[in-house]
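Topology and contacts: notes
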Amino acid sequence: MERLRNIGIIPVNKDILFSLYNDLKRPDDKISELEQKGFIIRVKRDLYVVSPKVHNQELSRELVANHLYRPSYVSLETALSYYGLIPERVYSMRSVCMKLHKKYDTPLGNFEYIKVPENYFQIGINQEIINNSYAFLIASPTKAICDMIVSTPNLRLQSVKAMQNYLTEDLRIDFEVLRNLDRDVVRECVEVGKKKNELHLLKNYLCQI
């Protein structure tokens, strides 16, 4: 198990697993055996994680989300929950991507990816470094809110007051958090994003508080 333990929680493809057992005649059989015994978990075709019972570490679903569909970053309700900005616990991992909308039902839970334009995608992404051992990409709090506005179907807000109600009553984000959002990120999103009217309202609301 030492070979697997050295991988830790980083998702890997089958070539990496093969390289661990290239001294065996049939490494493919060894990988099948490891999967059957629950020592490795297949997240999708050609993507695996080592089971926590091997390395005694908690898996990072955020890290898995980044690897499952690339390029992508964790966002929307998942990011807001990660930062503690909304009270609800979120069970489905939701991310933003530049390719087609995608959903995966995996042994680690459900993962969903929402498509946005490339120039919008690149704004407001944080690299979250955990214990100096791994890192994943996640929307900044401000970008996660912009992503919610841009990606929520049938969300049509017509006034600054309606935007305030959406943020504080629908999403239930604390007022003090809203005061600390990055207005420059919102301005960049207004320039290149969809739902420009709603993003303008967000910018105007933030400039008033």
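Please refer to the structure higher up on the page.
Quick notes on the rules
Residues numbered from 1 in each chain as written. Predicted model: local features only at pLDDT ≥ 70, side-chain atom pairs only at ≥ 80, totals over all residues. Heavy atoms only, no water. Helix = DSSP H or I, 4+ residues; strand = E, 2+ residues; numbered from the N terminus. Buried < 20%, exposed > 50% of the residue type's maximum accessible area, 1.4 Å probe, protein only. Contact = heavy atoms within 4.5 Å. Pairing = 2+ DSSP bridges. Phe/Tyr/Trp six-rings, centres within 6.5 Å; stacked < 30°, edge-to-face > 60°. Lys NZ or Arg CZ within 6 Å of the ring centre and 35° of its normal. Arc of directions from axis to C-beta. Polar contact = N/O pair within 3.5 Å; in protein donor to acceptor, adjacent residues only side chain to side chain. Disulfide = S-S within 2.5 Å. 1 Å grid on protein atoms, 1.4 Å probe; cavity = no way out; pocket = protein on both sides within 12 Å on 5 of 7 lines; lining within 4 Å. Points joined across faces, edges and corners; volume = space filled by probe spheres on them. Nonpolar A, V, L, I, M, F, W, Y, C, P; charged D, E, K, R; others polar.

1. Comments concerning the overall build of the chain
Looking only at helices and strands, the chain features twelve helices and eight strands. Projected onto the principal axes, the alpha-carbon positions of the chain cover approximately 65 × 30 × 25 Å. With 209 residues in all, the chain has 45% of them scored as buried. Sequence separation of 24 or more characterises 56% of the internal contacts of the chain that already satisfy a separation of 6 or more.

2. Considering the pairing of strand β8 (residues 134-139)
In this sheet, β8 lies alongside strand β7 (residues 125-130) in antiparallel orientation, the contact comprising six bridges. Opposite Gln-127, over in β8, you have Leu-137 as the bridge partner. The antiparallel pairing of β7 with β8 creates a hairpin that spans three residues between the two strands, and Asn-131 there sits at a positive phi of about 50°.

3. Remarks on unusual backbone geometry
Of all residues except glycine, most have a negative phi; of all peptide bonds, most are trans. The omega angle of the peptide bond from Arg-70 to Pro-71 is -10°, so this bond is cis rather than trans. Locating Pro-71 in the fold gives a position in the loop between α5 (61-68) and β3 (72-74). A positive phi angle is found at Asn-131, which is not glycine, with a value near 50°. Secondary-structure assignment places Asn-131 in the loop between β7 and β8. A relative accessible area of 69% places Asn-131 in the exposed class.

4. Observations concerning the packing of aromatic side chains
Within the structure shown, the criterion is met by six aromatic pairs. A centroid spacing of 5.6 Å and a plane angle of 80° characterise the contact between Tyr-82 and Tyr-83, whose relative ring orientation is edge-to-face. Taking the relative accessible area as the measure of exposure, Tyr-83 reaches 24% and is therefore partly exposed. With a centroid separation of 6.1 Å and an interplanar angle of 85°, the aromatic rings of Tyr-104 and Tyr-113 are classed as edge-to-face. Taken together, the aromatic side chains of Tyr-69, Tyr-104 and Tyr-113 make up a single cluster linked through ring pairs. The ring of Tyr-69 carries the charged tip of Lys-99 above its face, separated from the ring centre by 4.6 Å.

5. A short note on helix α11 (residues 183-192)
Residues of α11 that are buried include every one of Arg-183, Val-185, Val-186, Cys-189 and Val-190, and no others. Burial along α11 is one-sided: seen end-on, the buried residues are contained in an arc of 155°. As for α11, its buried residues are in contact with α7 (118-121), α8 (141-151), α10 (175-179) and α12 (196-208). The backbone nitrogen of Asp-184 lies 2.9 Å from a side-chain oxygen of the residue at the head of α11, namely Asp-182.

6. A short note on the state of the cysteines
Taken as a whole and judged by the stated rule, the model has zero disulfides. Distance from the sulfur of Cys-146, which forms no disulfide, to the nearest cysteine sulfur (Cys-189) is 3.9 Å. The exposure class assigned to Cys-146 is buried, which follows from its relative accessible area of 0%.

7. Observations concerning the layout of surface pockets
The volume enclosed by the largest pocket comes to roughly 220 Å³. What lines the largest pocket is Arg-61, Glu-62, Thr-78, Ser-81, Tyr-82, Arg-89, Val-90, Tyr-91 and Met-93. Take the lining of the largest pocket: its biggest share by element is three residues, from helix α6 (residues 76-82). Looking at side-chain class alone, the lining of the largest pocket contains four nonpolar, two polar and three charged residues. Here the second largest pocket is characterised by a volume of approximately 170 Å³. The set of elements that each furnish at least two residues to the lining of the second largest pocket consists of α5 and β8. Looking at the lining of the second largest pocket, its residues break down into five nonpolar, one polar and three charged.

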